[in-house]
Amino acid sequence: MKRIIYILASFFFLIALASCQDWLEEENHSSTTQDFLKTSQGFKMGLNSVYSVLGSMYGDEGGIHGLMNPGTDELKSSTTENRTTTLSIYDPTRYTAENEFLSNLWSNAYKNINTLNYMIENVDNIPIDANLTLAQRTQYLGEAKFMRAFLYFNLVQQFGDITVSTTFNDQPSKSAVRDDMLKAYDVIIQDLIDASTECSPSLHLNGLEAGRASGAAARHLLARVYLTLGWVYDKSSSSYPNNSHNKYYDPDKAKEYYQKAYNIASKLIADAPSLGISLMSSFADIFNEENDDPSGKNKEELFVARMDWDLDNTYGRRSTLNHYYVNGYEAYMGERNIDDGRCYSWFNPNVYTYNAFNNRYKDTRYDATFQKVWYATKAQKGGTVSYVINGTKESFNWKYTVVGDTAIYYPGYNMTADEIRAKTQNREGNKYLIFTPNAYDGYKIFPTITKFLDRTRAQYNDNSDRSYIIFRLGETYLLAAEAAYKLNDNENAAKYINILRERARNKLTSVSGELDIKASDITLDFILEERTRELLAEHCRWADLARTGTLLTRVKLYNDGVAKTNIEEKDQLRPIPQGQINKVTMGDPYPQNEGW
Amino acid sequence: MSTTKKKGISEFRYLLGLLLALVLVQAAFPAIAENNLVVQQTEKKISGTVQDGSTPVIGATIKVKGTNNGTITDLDGKYSLKVRVGDILVCSSVGYKNQYFEVKPDQSTYNITLEEDVEVLSEVVVVGYGVQKKSDITGAMVNVSNKSLKQAPVANVAAALQGLAAGVDIQMAGGSTHPGAVPQIRIRGERSINAGNDALIVLDGIPFSGNLNDISNEDIESISILKDASATAIYGSRGANGVILIMTKKGAKGKPKISYNGYYGVVKAINKYNVMNSKEFIRFKQWAFYNANTNKYTGPDDPEIMQINRVFKDQTEMEGYYAGNNTDWQDLVYEDGMTMNHQLSINGGDNKTTYNASVSYYKGENNYAPHSFERMTAKMSIDSQIGKNVKVGFSSLNGYTLNNGENNNPMDQALRASPFATPYDENGALINEIPGSGGQVWNPLLDLQKGAVIDKRRALSTFNTGYVNIKLPYGLSYRFNGGLQLKYETLGQFQASLTTKRMGAQNRSYADHYLKVEYTIENILNWNRTFHKDHNIFFTAMQSIQESKRDGNSIEAYNYFNDNIQYYNPSPELALGAISGGGGFSKWRIMSFMGRLNYSYKEKYLLTATIRSDGSSRLAAGNKWHSFPSIALGWNMMRENFMSRQHVFSALKLRASWGNVGSTAVDPYQTMSKLNTNKYMLGSSGVVGVYPSSVPDKSLGWEYTETINLGIDFGFLSNRINGTLEFYQQKTKDLLLGVSLPITSGYSSNYLTNLGNTRNCGFELNISSINIEGDGQNRLLWSTDFNIFTNRNKVTSLGKGVLKDESNNLYVSKDRWVIYSLEADGLWQDTPEDRALAESYGYPTSGNSSVIGTIKIKNHHVDYEADGVTPKAKQVINDDDRVFLGKRSPDFEGGINNRLAYKGFDLSFLFSFRSGGILTSSMHNGWMNTMQGTYNNLKIDYWTPENTNARWPKPSVSGVSYKNLLARYDASYLKLRSISLGYTIPQHFSKKYGIESMKIYTTAYNLYTWFNSQYKKDGGIDPETTSTVDLNTPPTRSFIVGINLSF
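Because the structure is a prediction, the values reported are computed rather than measured.

Enquirer: Please give an account of the overall build of chain A that cites residues and values.
Expert: A tally of helices and strands in chain A yields 20 helices and ten strands. Rg of the C-alpha trace for chain A: 28 Å, near the compact-globule value of 25 Å for 596 residues, within the 12% margin. Seen along its three principal axes, the alpha-carbon backbone of chain A occupies a region of about 115 × 70 × 50 Å. Accessible surface, chain A: about 21,300 Å² in total, of which carbon and sulfur atoms supply 49%.

Shown next as C-alpha cells:
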C-alpha cells in the first residue's frame, strides 16, 4: 500500500514541477496586441484610427459643434433643453467642468495624440515592405503630424494651457503637468511645417484618397495657427484686461506672426490652381450634396471629415449634424419628411445673424444658407396662428388642402399684417403660413439652416451620411484678409474679401463688382460679419471670437438668449474637464482655469 | 517582478512538501497506538463485524460504557477488543443510532448491525469536499433545507433563498421584475471593487459557473452556505465571496417511490405606475410651458399658450386633448400572467445501488405578455457500491430554458405615451407615433402584435458529475471527482420597423450563440484515524484542475424585406440593410493543491487547518500562484465536566477562525496590451484603424481577503431554542482595482491593478425556536426561525496618499457605495430670504430662468476670500458642496420564518426585512419624469405658486435640474414574502387509493410590503433592489395552489 502513496506523491510532484507553468499560459483569439503597431500594416492602421476620430468630432451629438456654434453672436440654443444647452447659455449653475462636450474633445484628442506619438517616434523602425513604400511612409508621417497639430490646436484654442507630450506613453501614469500654451504652439507649428512638405501637396493630386490630410490642409491650418498666435501676442492688458493672453503681449511678435499668417495664406491662394484647388463657382455648390466626397467635385474643400454611410455602411458612419438647425415645421405640416429634416430645433440664429445677411437681392448667401419654403405633405385642417406685428397681435388662418402646395413661407423680412393677408388669406388652395422675423420665437419658429441637410436618407429621422468640410479655400481668403487687416494692409484685405463676394454675387440681379467693398470699409467687425455670411455654422465661430478677443463683447451685444446675461470673463476659456483633474492623483494637482 | 515570481513558486513547493511529510509521518502512528491497547488489563477478547445492512461500517467506535476503553472498526468493518464479562459495550458511528450490548461469558463474536439514525443524519452537514458532523464544525456556515426552499414558487433557488439565511443578502438587480431574472447573491457584503462579488457555487461537489435558472428547485436537497475562511479556504482563490454548496437529491434505499409535485397560479401586478391622466397632464404641460416663457405670457391659463408649438406640439395632439381622450396605456398593455411547476420523480434502490431521477417543467410570467420564462429539466443520479471498497456514482442534470423578452422593456414608451392619444385610428388600425411626442414615443401596442418584437434566449445545459471512491488500508480513502459542464445558449432578436423599438427605422435582427465547455478534475485523498482513543484526525489532500472555455459569434442585420424571416436567416438576399458580425473566445484555467487537517480531542477541542495553493491563468506571469492558509479552533464547552452541573445551556460551542481567501474574478487577457479597432472611410473604401486602448499591469496578482470569525453555537431548554451568533471582520487587500488614468496619459480605459484595501465587518444571529412543542397532529407545533445580520463596509486604502477616486466612487474610510453628492435643501421659495440668498449666488429670481420653484442646493462649502477667514460675498454652488449623504447598503436585514402544524394542517409565513440604506429610483430621474411636459410624466407633487410645499420643483419645457437629488429614498422595508397553507390528507385515507402521501397547499407570494411613505407617495411600488430601482414592468404578486403526491 505504501507503493500507492508513493505513486500518488510522485504524481503530485510531477504536475507541480513539470507542467503547471505552461498549463496556465493564456490563449487569446479575440484581440490584437500592441506589437502589431510596429509592423508596416500596423503603422498604416494606426493612422486610420486617428482619422476615425473626425467622425466623432464632427458627426456625434457630443462632438465639437456644441463648442463652436451656439453660445456665440451667431447662434443660440433653442428654448427647449438639448445637450448643448448648459454650455451654450453659459448656465451659471449647470455649466461646469463636468460638461460632456469638453471631456469628449479632451479625450478624443489625447487618446489619438498618444497613437500619433508612437507613429512619429517610431517611424524609422517601421519596415518598408510590400505593404508600405518609403514614399507612403513619409506621406503617412506627414499626415500623422498634421493630425497631431490639428488635435493640439483644438485643445489649445478651448483650454489655453494644456499637457503637451510628443512621446508615446506605455506607462499607467497618474500624474500630468499643464504646460504653457506656447509649448503646444511650438509643437503645432513644427508639425504643420513638416506636414506641408511630407504630405501629398493636395487632396486633388496624386490620387490621394478623399479624407486624408494634404500639404494644402496643413498650410491652411498653419495660416490659422499663425493668425491665432498673432492675436495672442496682440492683446495688451490695458485693452484686454481679463484675457489670459495678455501676459504674452508683444506687438513685435504679433506682427511677425500676422505676417507669417498672411504669407502662408496668400501663398496657398496663389498656389491653389497648381494644386487643383479652386473656389466653387457658386456659393450654393459648396454644400450641394452632389459635390460631396468622394465625388472629387468639390474643389474648394481642403480637409474633410468622412461619414459616407451610403457608400459603405460597414465602415461609413452617420452624423446628426443635419438635425440641429431644423425648425419645428412638423407641428403645422402634421409630420416630418425627408427633405425638410428632423426637427431637433437645437440652434437658431440671433437677430444679428439675419441682419448680417444684408444685400440679399444681390448676395446669394442668404438664400443658399436658409430655407424659405415648405410644401404640404398632407392635408391639415389648420387653425389660427397669431403673432405680434408692430405692437398688435395679428391672427392668421391656415389650412392645407393641396399636397405639394406651399405650406409655410419664411420670407426673411418683416411684412405688415395686410401684406400677409393679401398673400395667403384669400388664396385658393392652401392658406399657407407666413412667418416673418416678427414671428421668430427662439423655440420652433425660425428658418432652417440648410447647409448640412441630407435629402438622400431612407427615413425622416435618419442621421446624415454626408461628409463634413472642416477647412475650405474660402476661409483661406478670410484668413489672409484678417492677417492683412492686422498688418494695416486694408487694400489686400479688401482684395481677398471681394473675391469671395464676387463669387457670392447674384449674377442675374447685379453686375460684376457690384458687391465689392472698399479698403476703407474694412474693420474687425466687418471681417467678423463677413465670416458670418460666409461661414455660418461651420464650426469655427467660438474660436474666431476667442481669437479676436471679442467673445464677451459680441455675445453680450448680439446673443438674443440668456447667454448674453450669463457670460462671464472666465468663459473666454473652457474649464479643464473635471475627470482630468480628478484622475491626476499623483504629483501636483492638475490646475483648473481661472474662475472655474 | 522576477523576485516575486520565485517567491511564489518556492512558497508553494514548500507547502506541498510539508503536506506530504505530514502524510508520511502520520502513517507510522498506528503501530504505536496499538501497542498502548495491548498493555491494558483484560479478562476476555471479543471480536466481530459492524455492518450497515450488508456493507461493513468503517471507523465505527466500540467502547465500554463509562470508560475510555474502546476501539474502532477497520476497513472490513472488523474489530477486536479486550473486555470484562458484564461490560456494557456501545457501538457508535456518525449517522447511526448507538447500539448497546452486554458481554456474555460464553460469546466472543458480536456482529452488530447499525441502524441509520435519521435525526443524527440531519446533524451531518455538507462542507467543502466532504461532510462533517455539525458539532465538529469550526467554520461559519448556514444550512437551508429543501423544506424552506419550497415555500417560494419562484424560478430559481436564489430567489427561494431570500430571507432564509443570516449573512446572505439576496436582491434583484435593479429591482428586475422579469420572471426569468436571477437575483444577486452577496455573502457578507461586497469586498471587491473590480473583481466580482459573486459567491462560488458548488453543485454536487463541482464548481458551477452556470445560471441558477438551469436547475429545478425541486431537485435540490439542501444548501450549505460557507461564510468564513475556515469553511471557504479550501476553495482558496474563489472562496473570498463565500461558497454556496448545493446538493441535489440522491437515491435512497427502498422500493421505487414515485412522486408528483406541482402547482399552478396567477401573477398580478401589485399596482400600476402612477402617471398623469388627461386633466392632470394638460395642467402640467401648461405649467411647463409657462414656466419657461414667463416673460411672454400671463400664466398657465393664458389662452395664448394653448396653441401648436406652444403647449401642443402638433395639431393631432391638440385635437386629441380637445376630443376629451383619456387613454390609460397601462391598462392596454398589462395582462395577468400565470406560473406553474410540475415535477415527476422516482427514487429507490437496493443495498448496492440507489437511484433518483426526475423530469420537471416550470413556467413563470409577469403581467406583460412578452415576458416569460420556461424551463424543462431532466435529472438522474445513480450511486453504486462495487465490491467492498469501491463506490461509484454518476449524476446528470440537464436543462433547457427559454427566456422571452429579457431585453424588451415596454415601460419607457408605455408610460410616456400621452393620454390625449388613442391607440387606434378611425379605421381601427393601430396608430404609429403618439401625437405630440415628436416621433419619440410610439404606440406601445405595436409591440404586442405577433412577431413584431421577438427577444428569445434559449439555453441548453448539461451538468455531469461522477466519482469513484476507493477505500484503502490504514484509514485512507481515495476519491476521484470529475465534472463536465456544457452550455449552449442562443439569443434571437427581431424588431419590426413599425414598433416602439425601431420607430419606423429599418427592421433589425440580432442573433448570437455561444458554447461553453468547462471541466473539473479532482483527486482527493482522505485519511481518518483515531489514536490514543481521544485523538481523531481527519486529513484531506486534494489536487485539481479546472478549465473553462467559451466561444461564440453574433450577427446583426437590418432591413429584411419580409418580417417573417425574423432572425433566422440574416443573409444579404433577405436582409437588404447592413449586416455585421462579432464574436469572441475566452479561456481560463485554474490549478490547485489543497490540504486540510481536522483534529479533535475528545470531540471537545477542535482544530481545522487548511492550506490551498491556486494558480490562475488570468494573472500575470510570476504572480499566477498564491497560497491561502486558514486555521480554526472550536471548543465544545458542553462536553466539559463543569458544564454538566448547569441546566441553562443544552449546547454551547465557541469557534474562532482566521484565514486567507482569494479572488481571481477578472476577465482573461487583462495582462496583455491590447489594440482596439475602429473604422473609417478613406477614398471610396473602408479602412480599419487600430489604437492602443489599454495599458496593462504586467504584474497583476491576486486579490485576497483575510477573515477573522468568532462564533458561538448555543442551545437552551434541551435545544428548544438554539442558534448561532457570529462576528467577523474581513480585510480585502491588493484589490483588483480599475484605476482610471488622466486622459492625458492617452488611455481612457481603466488600468487594472492591485491597489487598495476594503474592510467588512458585521455580526449575524440566527435563532430557531420551538415555541409550542407539539407533535403537529394532536397538539399544535409552532416553530420560528429568525435571522438578523449586519455588514459594515469601508474602503480602507486606495494606495499611498490617495484619499479618493471619484470616477469609481471610492472614498477612503467610507462605504464602497457611499453616496457623495450635492444635497437638496427643499425648493427655492418666493420669500425675501430665498430671493436674497439666490441672488447672492448670482441666480436669477425673475424671468424665464428664475430659480424660484427649482431645487435648492445646500451650500456645504463656504468659499472664503484669500485671507481664508472672510466668507466671500458671492458664494458658489459647485462640486465642493457635495457631502456624504449615506450609503446604499442597509444597516441591518434579516428574515423571520414561522411554521405552525396541527391536525394535518400546516401554515408557514416568511417575512424579510431591511433597514436603512438609500434607494435610488432611476424612474424618478429618467425619461418618465423629465418634468418638461413633452411626454406624459409620473404623477408627482410639483411646485406651483399655489402649491409651494411640493416635494418636486416646477416643471419647465427648458428642463429641470437636480432631479437626481430627489430620486433618493429610504430603502427600508418589511415584506411578507410568502404565506402558505397546506393540508396533508391522512394516510389511512389516502392509502385506500394507493397514495402514500398527499398534500395540497396554497401560497401567496410577495403579498405585501411596508416601506417608506415618501417613496410610496411618489409612485414607488416595491423598494426591493440591489441599489437602484430601474424602470421595469410593475412588481407582481402571485397566488398559487399546489399538490404533492407520492405513490
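Enquirer: How would you summarise the overall build of chain B if you had to cite specific residues and measurements?
Expert: For chain B, the count of helices and strands is 14 helices and 52 strands. Over its C-alpha atoms chain B spans a radius of gyration of 33 Å, differing by no more than 12% from the 31 Å that the globule rule assigns to 1047 residues. Viewed in the frame of its principal axes, chain B has a C-alpha envelope of about 115 × 80 × 70 Å. Sorting the 1047 residues of chain B into buried and exposed places 57% on the buried side. Taking the intrachain contacts of chain B between residues at least 6 apart in sequence as the baseline, contacts between residues at least 24 apart amount to 69%. In the form shown here, chain B has an accessible surface area of approximately 41,900 Å², with 55% of it arising from carbon and sulfur atoms. Treating the 107 positive side-chain charges of chain B as one cloud and the 96 negative ones as another, the clouds have centres 7 Å apart.

Enquirer: For the pattern of salt bridges, give the residues involved together with the corresponding values.
Expert: Counted by the stated rule, this structure contains 89 salt bridges over all chains. We note a salt bridge from A:Glu475 to A:Arg224, for which the minimum N-O separation is 2.9 Å. Of the two residues, A:Glu475 is situated in helix 14 (residues 473-486) and A:Arg224 in helix 8 (residues 215-233); the sequence distance between them amounts to 251 residues. You can call A:Glu475 buried: its relative accessible area is 2%. A salt bridge links B:Glu764 to B:Lys227, with the nearest nitrogen and oxygen atoms 2.8 Å apart. With a gap of 537 residues between them, B:Glu764 in strand 37 (residues 757-772) and B:Lys227 in the loop between strand 16 (220-226) and helix 6 (229-232) connect regions that are remote in the sequence.

Enquirer: Can you break down the interface of chain A and chain B residue by residue, with the values?
Expert: Contact residues are listed per partner, giving 106 residues for chain A and 103 residues for chain B. Here chain A meets chain B over a buried area of about 8,800 Å², counting both sides, of which 60% is carbon and sulfur. In this structure, the connection of chain A to chain B is made through three salt bridges. At the junction of chain A with chain B, the criterion picks out 32 residue pairs in polar contact (both at pLDDT 80 or more). The greatest single-element share of the side of chain A that touches chain B, amounting to 14 residues, is contributed by helix 1 (residues 2-23) of chain A. Taken together, the residues of the side of chain A that touches chain B sort by class into 43 nonpolar, 40 polar and 23 charged.

Enquirer: Outline helix 16 (residues 524-535) of chain A, listing residues and values.
Expert: Residues and elements named next belong to chain A. Taking 1.5 Å of rise per residue, twelve residues should cover 16 Å, and helix 16 covers 16 Å from first to last C-alpha, within 8% of that figure. The element helix 16 is largely enclosed, with a buried count of ten among its twelve residues. Positioned one or two residues after helix 16, Ala537 has a phi angle of 70 degrees, which is positive.

Enquirer: Which residues make up the sheet that holds strand 8 (residues 406-409) of chain A, and what values do they have?
Expert: By way of backbone hydrogen bonds, the strands of a sheet pair with one another, either parallel or antiparallel. Residue and element names in this part refer to chain A. What the three strands build is an open sheet, ordered 5-8-9; its pairing is mixed. Strands at the two margins of the open sheet, each flanked by one partner only, are strand 5 (373-375) and strand 9 (433-434). Relative to strand 8, strand 5 runs antiparallel, the two sharing three bridges. Bridging across to strand 8, Tyr375 finds its partner in Thr406.

Enquirer: Please give an account of the side chain of B:Gln286 that cites residues and values.
Expert: Residues and elements named next belong to chain B. Along the polypeptide, Gln286 turns up in helix 7 (residues 278-292). A relative accessible area of 10% places Gln286 in the buried class. A polar side-chain atom of Gln286 sits 3.0 Å from a polar atom in the side chain of Arg283. If we ignore the near neighbours within four places in the chain, the residues touching Gln286 are Pro300, Ile305, Met306 and Val311.

Enquirer: Explain the packing of aromatic side chains to me, using residue names and the numbers behind them.
Expert: One pass over the full model with this rule turns up 81 aromatic pairs over all chains. In this arrangement the basic side chain of A:Arg533 is found over the ring face of A:Phe526, its NZ or CZ atom lying 5.3 Å from the centre.

Enquirer: A description of the nonpolar core should follow, citing residues and the corresponding values.
Expert: Core analysis: the largest hydrophobic core is formed by 172 residues, its most contacted members being A:Phe146, A:Phe150, A:Phe303, A:Tyr332 and A:Ile408. Core analysis: the second largest hydrophobic core is formed by 65 residues, B:Tyr297, B:Tyr368, B:Phe420 and B:Val960 among them.

Enquirer: Tell me what's going on with the packing of helix 14 of chain A against helix 16 of chain A, and back it up with residues and numbers.
Expert: The angle between the axes and the distance between the axes are what describe a pair of packed helices. All names here are of chain A. Contact geometry for helix 14 and helix 16: axes closest at 11 Å, N-to-C directions at 175 degrees. Of the possible angle classes, the one that applies to helix 14 and helix 16 is roughly antiparallel. Here helix 14 contributes Glu475, Leu478, Leu479, Ala481, Glu482 and Tyr485 to the contact with helix 16, which in turn contributes Leu524, Ile527, Glu530, Arg531, Glu534 and Leu535. In terms of residue class, the contact of helix 14 with helix 16 is built from seven nonpolar, no polar and five charged.

Enquirer: Could you give me a rundown of the pairing of strand 38 (residues 781-797) of chain B, with the residues and numbers involved?
Expert: Residue and element names in this part refer to chain B. Pairing of strand 37 with strand 38 involves 15 bridges; the strand directions are antiparallel. Within the sheet, the bridge partner assigned to Leu765 lies in strand 38 and is Ile788. Where strand 38 meets strand 45 (residues 892-902), nine bridges bridge the pair, whose relative direction is antiparallel. Its bridge partner being in strand 45, Asn787 is matched across the sheet by Gly895.

Enquirer: So what's going on with the sheet that holds strand 11 (residues 141-145) of chain B? Residues and values would help.
Expert: All names here are of chain B. Ordered by their spatial adjacency, five strands build an open sheet running 11-16-17-14-15, and the pairing between neighbours is mixed. Where the open sheet ends on each side, the last strands, each with one partner, are strand 11 and strand 15 (206-208). Geometrically, the sheet is characterised by an average inter-axis angle of 25 degrees between neighbouring strands, direction not taken into account.

Enquirer: Summarise the environment of B:Ile137; cite the residues concerned and give the values.
Expert: Residues and elements named next belong to chain B. Within the secondary structure, Ile137 is located in the loop between strand 10 (130-133) and strand 11. A C-alpha to C-alpha distance of 9.4 Å links Ile137 and Ala632, two positions 495 residues apart in sequence. In this view, Ile137 contacts Val125, Val127, Gln132, Leu606, Lys653 and Arg655; residues no more than four positions away in its chain are not counted.

Enquirer: A description of a nonpolar patch on the surface should follow, citing residues and the corresponding values.
Expert: Among the surface-exposed residues, B:Ile631, B:Trp658, B:Ile708, B:Leu710, B:Phe727 and B:Phe763 lie close enough to one another that they form a single nonpolar patch of about 520 Å² accessible area. Structurally, B:Ile708 is set in strand 33 (residues 703-716).

Criteria and thresholds
- Residues numbered from 1 in each chain as written.
- Chains lettered and ligands numbered in written order.
- Predicted model: local features only at pLDDT ≥ 70, side-chain atom pairs only at ≥ 80, totals over all residues.
- Heavy atoms only, no water.
- Helix = DSSP H or I, 4+ residues; strand = E, 2+ residues; numbered from the N terminus.
- Rg over C-alpha atoms; globule rule 2.2 N^0.38 Å.
- Areas by Shrake-Rupley, 256 points an atom, 1.4 Å probe, with all protein chains shown as cover.
- Buried < 20%, exposed > 50% of the residue type's maximum accessible area, 1.4 Å probe, protein only.
- Contact = heavy atoms within 4.5 Å.
- Lys, Arg positive; Asp, Glu negative; His and termini not counted.
- Charge placed at Lys NZ, Arg CZ, Asp CG, Glu CD.
- Salt bridge = Lys/Arg side-chain N within 4 Å of Asp/Glu carboxyl O.
- Buried area = accessible area lost by both parts, 1.4 Å probe.
- Polar contact = N/O pair within 3.5 Å; in protein donor to acceptor, adjacent residues only side chain to side chain.
- Nonpolar A, V, L, I, M, F, W, Y, C, P; charged D, E, K, R; others polar.
- Expected span 1.5 Å × (residues − 1).
- Pairing = 2+ DSSP bridges.
- Phe/Tyr/Trp six-rings, centres within 6.5 Å; stacked < 30°, edge-to-face > 60°.
- Lys NZ or Arg CZ within 6 Å of the ring centre and 35° of its normal.
- Core = buried A, V, L, I, M, F, W, Y, C linked by side-chain atoms within 4.5 Å.
- Axes fitted to C-alpha atoms, helices over the stretch in contact; angles between N-to-C directions.
- Parallel < 35°, antiparallel > 145°, perpendicular 65-115°, else oblique.
- Patch = residues over 30% accessible without salt bridge, like charges linked within 9 Å, V, L, I, M, F, W, Y side chains within 5 Å.

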